[in-house]
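Working through the structure, step by step
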Amino acid sequence: DYEENRITSFASEVLRNSFSVGTSTINMGVIATGGAPAILENTFSDNFSALYIESESRARVENNIFLDSTEYAVFSINNAATFRGNSGEGNGKNGITLIDGVALPGEGTALYANALPYLLRERPYYSAKVPAGAILAIEPGAVFKGENNRSRMEVFGNLELRGDSKESILFTSL
């Protein structure tokens, strides 16, 4: 058995809530599937994974706090979610994990600076991908960390790096 709060094809705000469903295997604080929810100023604590975003969601995730999840603070798979100003500590994977498509074909997506880094996993199955026909813009101050020497971001579309001399974009390892 597991617990979760599921948002499906939702386009409203999830604002100033606390999500804590327990750290037992596969308990998720919130799962966002499709839609374009604004997930703003929430606190996620003591979950297995705090926030799981999937299935072409266009979620806007801003100014949330992620604390003490057993696995991932944020797990983002095959969607066009944007992240800005999120923070956290004490999570098993203390970052925003990007898997598969990070932008949708025919659209543009931006990744902004957060106190949590973006985590890149290994290829061929778990790497972040910019698909053909998609644009991913990486804004100044964004930090990307690879989990190991096989971690990748594969670009088949367009990648725009918008760092500057005052705020760079950093790609490094854990």
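Report follows, based on the coordinates.

What counts as what
- Residues numbered from 1 in each chain as written.
- Predicted model: local features only at pLDDT ≥ 70, side-chain atom pairs only at ≥ 80, totals over all residues.
- Heavy atoms only, no water.
- Pairing = 2+ DSSP bridges.
- Helix = DSSP H or I, 4+ residues; strand = E, 2+ residues; numbered from the N terminus.
- Core = buried A, V, L, I, M, F, W, Y, C linked by side-chain atoms within 4.5 Å.
- Buried < 20%, exposed > 50% of the residue type's maximum accessible area, 1.4 Å probe, protein only.
- Contact = heavy atoms within 4.5 Å.
- Salt bridge = Lys/Arg side-chain N within 4 Å of Asp/Glu carboxyl O.

1. Considerations on the sheet that holds strand β9 (residues 65-67)
On the basis of which strands lie adjacent, the open sheet formed by 4 strands has the order β3-β6-β9-β12 and parallel pairing. Each edge of the open sheet carries a strand with a single partner, namely β3 (18-19) and β12 (87-89). Pairing geometry for strand β6 (residues 43-45) and β9, over 3 bridges, is parallel. In the strand pairing of β9, Ser 45 is matched with Leu 67.

2. Side note on the nonpolar core
Membership of the largest hydrophobic core comes to 34 residues, with the highest contact counts inside it found for Leu 51, Phe 83, Leu 98 and Phe 144. It is strand β7 (residues 49-54) that contributes the most residues to this core, 3 residues altogether. Not counting the four nearest positions on each side in its chain, Phe 83 is found in contact with Ile 53, Val 61, Val 74, Ser 76, Ile 96, Leu 98, Leu 111, Tyr 112, Asn 114 and Tyr 118. If you look at the next biggest cluster of nonpolar residues, it comprises 6 residues, including Met 28, Ile 31, Tyr 72 and Phe 75.

3. Comments concerning the pattern of salt bridges
Inspection of the entire model under this criterion finds 12 salt bridges. One salt bridge in this structure joins Glu 41 and Arg 16, with 2.9 Å as the shortest N-O distance. Taken as a pair, Glu 41 in the loop between β5 (38-40) and β6 and Arg 16 in the loop between β2 (13-15) and β3 lie far apart in primary sequence, 25 residues in all. In this structure Arg 16 comes out as exposed when scored by relative accessible area, which is 58%. Each of Arg 60, Glu 62 and Arg 84 takes part in one network of salt bridges that share partners.

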